[in-house]
Amino acid sequence: MARWLPRSTALTRFCQKLNRVKTLEDDMMETSFNRCLSTIDLTLLGIGGMVGSGLYVLTGTVAKEIAGPAVIVSFIIAGFASLLAALCYAEFGARVPKTGSAYMFTYVSVGEIWAFLIGWNVLLEYMIGGAAVARAWSGYLDSIFDHKIKNFTETHVGAWQVPFLARYPDFLAAAILLVATIFISFGAKVSSWLNHVFSAISMGVILFILIMGFVLAQPKNWSTQEGGFAPYGLSGIMAGTATCFYAFVGFDVIAASSEEARNPQRAVPRAIAFSLGLATGAYILVSVVLTLMVPWHTLDPDSALADAFYRRGYAWAGFLVAAGSICAMNTVLLSNLFSLPRIVYAMAEDGLFFQVFSRVHPCTQVPVVGIVVFGLLMALLALIFDLEALVQFLSIGTLLAYTFVAASIIVLRFQQQKGDVPAPGPSGQPSTEPHEGPSGGELKEYESFSDKLHLVDTDKSKEQREPGQLKAAFEPYLEFLSDFYPGEVVTIAVVTLMVSAICLCSILVFGNTHLHLPTWSYSLLLVLFSLGFLLSLLLIWAHEQQHSTQTFQIPLVPLSPALSIILNIYLMLKLSYMTWLRFTIWLLLGLFVYFGYGIWHSKENLREPRAQRVSARYVVFPGGSLEERVQAVQPSSQPATRLPDTDSEDCKR
């Protein structure tokens, strides 16, 4: 059996490599970027990422085909659901003011491979999203000129009938992406100024729509003669909520820009709150005026707002709506092109992606290589590919990122802050330098054969409870949990909570349709997995968490992140199987990149030292009430600590 031990040790080390977390610098404000963005800049970036073509297209589509005038309620619920995820991003963006968004947040709390997969999926999400918006921008502009651009291209270039390729090459979409790439390359300040211009025009048009819409409103359009306020009932409202949820996915550009914010601790949470509030208000109010101007069942899903003004005798207003729509789509393009290279930069800076993308231009202070390369790739996607089949892919990447960020909040909140525990050495083990113990004296550390043996004072009532430790009120009932490291039980409970959420949502989504479960088993499984979810939540709550920090903290932890987790998983399972198939293929490609390059070039891998001849370590606090019962195995450079002979013989045995 001894021959299996090296393999077990190697497997353990391999798993530790996969789950190692990022070591943050002491001064997280130090950066090679230019910290020039204010709260207003970040807020307008967030609004630009959320209030895009969805305001002009999505509202009419959901109102006519899914929810009716109750689309208003759908946007309210979707806005609240997005708020749960946004608050998680706000806390992380304030505490870890580094670029990378969900990738960075997962890396500092969950582990390396999970962070890489999140970054890998977000990368594709931004590329497809930017290319899809560019094609929508091109199509909208083409429709204003009676499709002359499309007809000219098909006549002089030709049309294709190839699967996954567009019917004709969209040169206009590729051109707008290349122009946006050039502007983004000039630096964050230029990008922010350009976003200000387009956002101001877009918000001016929205204000015009609201004023004119309320003037032309007719309350009878909500009456029972027209089908009522909620013609599709509660199911239609919830189905509309699932669709409307994706209108708010642009706020993560704020977190991705936190390394360029002047005061990220304040600016990031405020910008996320302001932008999400304004975007939610815009969607709700536009839905109100749209369904009051004309009967909901007569809306044109492709151009609902412009068509509504045209039918009320204000054809000239359609041109203003078209201008606002184009400006709104420009802000979304800028948001995608602004965020994507910074996430790639964060991955490359950590060694998980190719180092060429970590280069920052000395003058513009932006990752210009990433901007140019991924701008060209985005333009190529928009030029030749049919993106309608891939648009649903955006949802799964976003929801997966939201899920891991919410889980990361719970893990991080119940971890000890830097300085609370002995600082880790290069190998991930606690440092051998003296530290201050809980009673204020010197904390001495010794080497022994077990790295998990901690001699603690018997008088636990006088100890100050630290994050991750069991609350004193629960200790008499859960005493067996006190032997774990602080935060260890919470991590296990978070994994259990996520597994329970996946099983619970799977039963809700597939129980009656695909699995055809009988009523008794359906109900039983719902009860069992709901209990698993709630018990995991209570177990997390029974531990101490970080309370006093100088940055924003999401309230009601772990309840708020847990609700976000279960909602995101539910929406992920509602996606089509083809989306999951494409997602799996992309994940496998990402794993190939990670194991072929990232795991070996990771900066955390370079920090790991060579193996030392130390069996283990344990900690002794000064105070005289502790008994040393383990023979210390000291390195040759340190004096050995003598223990009673009887215990020494036990150790030898």
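Up top you'll find the structure we're talking about.
Residues numbered from 1 in each chain as written. Predicted model: local features only at pLDDT ≥ 70, side-chain atom pairs only at ≥ 80, totals over all residues. Heavy atoms only, no water.

A. Region of interest: the overall build of the protein. The helix and strand tally for the protein stands at 22 helices and three strands. Summarising the internal contacts of the protein: among those between residues at least 6 apart in sequence, 81% fall at separations of at least 24. Accessible surface, the protein as shown: approximately 30400 Å² in total, 65% of it carbon and sulfur. (Helix = DSSP H or I, 4+ residues; strand = E, 2+ residues; numbered from the N terminus. Contact = heavy atoms within 4.5 Å. Areas by Shrake-Rupley, 256 points an atom, 1.4 Å probe, with all protein chains shown as cover.)

B. Quick peek at a nonpolar patch on the surface. A cluster of nonpolar side chains, contributed by Val179, Ile182, Phe183, Phe186 and Val190, occupies part of the molecular surface with about 420 Å² of accessible area. Inspection of the secondary structure assignment puts phenylalanine 186 in the loop between α8 (171–185) and α9 (188–215). (Patch = residues over 30% accessible without salt bridge, like charges linked within 9 Å, V, L, I, M, F, W, Y side chains within 5 Å. Salt bridge = Lys/Arg side-chain N within 4 Å of Asp/Glu carboxyl O.)

C. Up close: the packing of aromatic side chains. Across all of its chains, the model carries 30 aromatic pairs by this definition. Taking 5.7 Å as the distance between ring centres and 70 degrees as the angle between the ring planes, the aromatic pair formed by tyrosine 232 and tryptophan 296 counts as edge-to-face. Of this pair, tyrosine 232 sits in the loop between α9 and α10 (233–244) while tryptophan 296 sits in the loop between α12 (264–293) and α13 (304–311), and the two are 64 residues apart along the sequence. Classification of tryptophan 296 as buried rests on a relative accessible area of 8%. Through successive ring pairs, a cluster of aromatic residues spans Phe14, Phe116, Trp120, Phe353, Phe354, Phe357, Phe374, Trp586, Tyr594, Phe595 and Tyr597. (Phe/Tyr/Trp six-rings, centres within 6.5 Å; stacked < 30°, edge-to-face > 60°. Buried < 20%, exposed > 50% of the residue type's maximum accessible area, 1.4 Å probe, protein only.)

D. Main features of the environment of isoleucine 502. Along the chain, the position of isoleucine 502 falls in helix α17 (residues 488–510). Isoleucine 502 gets classed as partly exposed once you look at its relative accessible area, which sits at 40%. Taking C-alpha positions, isoleucine 502 is 6.4 Å from isoleucine 569, a pair spaced 67 residues apart along the chain. Leaving out residues up to four positions away in the same chain, isoleucine 502 has contacts with Ile569 and Leu573.

E. Quick peek at the pattern of salt bridges. In this structure the tally under the stated criterion is 10 salt bridges. In this structure, arginine 20 and glutamate 112 form a salt bridge, with 2.9 Å as the shortest nitrogen-oxygen distance. Taken together, the positions of arginine 20 in the loop between α1 (5–18) and α2 (39–50) and glutamate 112 in helix α6 (residues 112–144) put the pair 92 residues apart, joining distant regions of the chain. For the residue pair arginine 20 and glutamate 112, the accessibility class agrees, reading buried in each case. A salt bridge links aspartate 41 to lysine 189; the nearest nitrogen and oxygen atoms lie 3.7 Å apart. Separated by 148 residues along the polypeptide, aspartate 41 in helix α2 and lysine 189 in helix α9 bring together distant segments of the chain. Linked by salt bridges that have partners in common, Glu91, Arg95 and Arg413 make up one network.

F. Up close: the packing of α6 against helix α15 (residues 368–384). One way to put it is that α6 packs onto α15 with a least axis distance of 8 Å and a crossing angle of 50 degrees. As far as their axial angle goes, α15 and α6 are oblique. The handedness of the crossing between α6 and α15 comes out as right-handed. Packed against α6, whose contacting residues are Leu123, Tyr126, Met127, Ile128, Gly130, Ala131, Ala134 and Arg135, the element α15 presents Phe374, Leu377, Met378, Leu381, Ala382 and Leu383 at the interface. Partitioned by chemical class, the residues of the contact of α6 with α15 number 12 nonpolar, one polar and one charged. (Axes fitted to C-alpha atoms, helices over the stretch in contact; angles between N-to-C directions. Parallel < 35°, antiparallel > 145°, perpendicular 65-115°, else oblique. Left-handed = near helix turned anticlockwise from the far one by under 90°. Nonpolar A, V, L, I, M, F, W, Y, C, P; charged D, E, K, R; others polar.)

G. Up close: the packing of α2 against α9. Taken N-terminus to C-terminus, the directions of α2 and α9 make an angle of 60 degrees; their axes are 9 Å apart at the nearest point. For the element pair α2 / α9, the angle class is oblique. Remark: the crossing between α2 and α9 carries left-handed chirality. Where α2 abuts α9, its residues Ile40, Asp41, Leu44, Leu45, Ile47 and Gly48 lie against Lys189, Ser192, Asn195, His196, Ser199 and Met203. In the contact of α2 with α9, the residues fall into five nonpolar, five polar and two charged.

H. Quick peek at empty space enclosed by the protein. Overall, the coordinates contain one cavity of 30 Å³ or more when judged by the stated rule. As a volume, the largest cavity reaches approximately 30 Å³. Lining the largest cavity are Ile47, Gly48, Val51, Ser199, Ser202 and Thr331. Counting residues per element, the ones that place at least two in the lining of the largest cavity are α2 and α9. Here the residues of the lining of the largest cavity are counted per class, giving two nonpolar, four polar and no charged. (1 Å grid on protein atoms, 1.4 Å probe; cavity = no way out; pocket = protein on both sides within 12 Å on 5 of 7 lines; lining within 4 Å. Points joined across faces, edges and corners; volume = space filled by probe spheres on them.)

I. Just unusual backbone geometry, in detail. The linkage connecting valine 557 with the following residue, proline 558, adopts the cis geometry, with an omega of 15 degrees. The residue proline 558 is located in the loop between α18 (519–541) and α19 (559–573) in this model. Phi at glutamine 365 is positive, roughly 55 degrees, even though this residue is not glycine. Relative to the helices and strands, glutamine 365 is located in the loop between α14 (315–349) and α15. The class of glutamine 365 is partly exposed, set by a relative accessible area of 25%.

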